[in-house]
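Here's the letter readout for the chains.
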Amino acid sequence: MEHSLPQTISLLSRTPAALDALLRDLPEAWTLRNEGENTWSVCDVVGHLIHAERTDWMPRARIILQFGENQPFGPFDRSGHIREMRGKSLAQLLDEFARVRSENLSELSALHLRPEDLARQGRHPALGLVTLSQLLATWAVHDLTHLHQISRVMAYQYRESVGRWSEYLGVLQCSGHSAPG
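I will try to describe carefully the structure that is included in this document. These figures come from a predicted structure and were not determined experimentally.

**Some thoughts on the overall build of the protein chain**
Of regular secondary structure, the protein chain possesses nine helices and two strands. Helices (α) and strands (β) of the protein chain occur, in sequence order from the N terminus, as α-α-α-α-α-α-α-β-β-α-α. In terms of overall dimensions, the protein chain is globule-like: its C-alpha atoms have a radius of gyration of 17 Å, near the 16 Å expected for 181 residues. Considered along the principal axes of its C-alpha atoms, the protein chain spans approximately 55 × 35 × 30 Å. Surface summary for the protein chain: the accessible area is close to 10,000 Å², and the carbon and sulfur share equals 54%. When the 18 basic and 21 acidic side-chain charges of the protein chain are each reduced to a single mean position, those positions are 2 Å apart.

Spelled out as structure tokens, the structure:
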């Protein structure tokens, strides 16, 4: 499927409500546990999404639009979510994510991007030249990656409880995506 800005915004606008419906008021056994050493809990993932909203997607879009490939993006702090989470409950994190996402999507819509804007290039510190269209498509797939991760981390908590059914539960067979990297 070719990147479509309206389709991207449609998906991005739904992520906060999807997370809220799945996670709000769940017992901490579902949201504070992870998959083992150097993996993230559900709360870590929500903190990461907030951190990315503040430091990745729209800041990098602005760099592309203002400077093009002449100013490289700064590196992304993969442990920045720790600061975002400090002293906050999951409910507060969900509310904060919904707020910053709404602000970013309002800003994105206000840009009235044209095809030539989406084709503009920026310089990623590891990937080299990327287009604004690719950045925005990645934003949507990043959401889907972390929705997948959240379901996998939660399923992991019942990995022993399901007994022999585990071989039929694909979410328990999937690995990766939890450790920062």
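**Here's the deal with helix α1 (residues 5-23)**
Here α1 is 19 residues long and its end C-alpha atoms lie 28 Å apart, about the 27 Å a rise of 1.5 Å per residue gives. Along its length, α1 reaches its greatest deviation from straightness, about 30°, at T15, and the proline P16 lies no more than four positions downstream. Turning to α1, its buried residues are L5, T8, I9, L12, T15, P16, L19 and L23. Contacts made by the buried residues of α1 are with α3 (42-55), α6 (90-110) and α8 (132-156). Once α1 finishes, D25 follows within two positions and takes phi at roughly 70°, a positive value.

**Looking at the pairing of strand β2 (residues 128-131)**
Relative to β2, strand β1 (residues 121-124) runs antiparallel, the two sharing four bridges. Residue pairing across strands places H124 opposite G128, the latter belonging to β2. Once β1 ends, the chain turns through three residues before running back antiparallel as β2.

Reading guide: rules and limits
Throughout this document, residue positions are counted from 1 along each chain, in the order its sequence is written. Given that the model is predicted, a residue must reach a pLDDT of at least 70 before its local features are reported, and side-chain atom pairs must reach 80 or more before they are shown or counted; all residues, however, enter totals for whole chains, interfaces and linings. Side-chain metrics rest on all non-hydrogen atoms present in the structure, leaving aside hydrogens and water. A helix here means a DSSP run of H or I that spans at least four residues, while a strand means a run of E at least two residues long, and both kinds are numbered starting from the N terminus. Restricting the calculation to C-alpha atoms gives the radius of gyration, and the globule rule supplies 2.2 Å times the number of residues raised to the power 0.38. Exposure was quantified through the Shrake-Rupley algorithm and a 1.4 Å probe, taking into account, for residues, occlusion by the shown protein chains and nothing else. Charged-residue counts in this description rest on Lys and Arg as positive and Asp and Glu as negative, His and the chain ends being excluded. Lysine's charge is taken at NZ, arginine's at CZ, aspartate's at CG and glutamate's at CD. Each residue after the first adds 1.5 Å to the expected span of a helix. One axis is fitted to the seven residues ending at the residue and one to the seven starting there. The bend at that residue is the angle between these axes. Exposure classes here rest on a 1.4 Å probe applied to the protein chains alone. A residue is buried below 20% of its type maximum, exposed above 50%, and partly exposed in between. Contact between two residues is taken to exist if any of their heavy atoms lie within 4.5 Å; hydrogens are not considered. In this analysis, strands are considered paired if DSSP registers two or more bridges between them.

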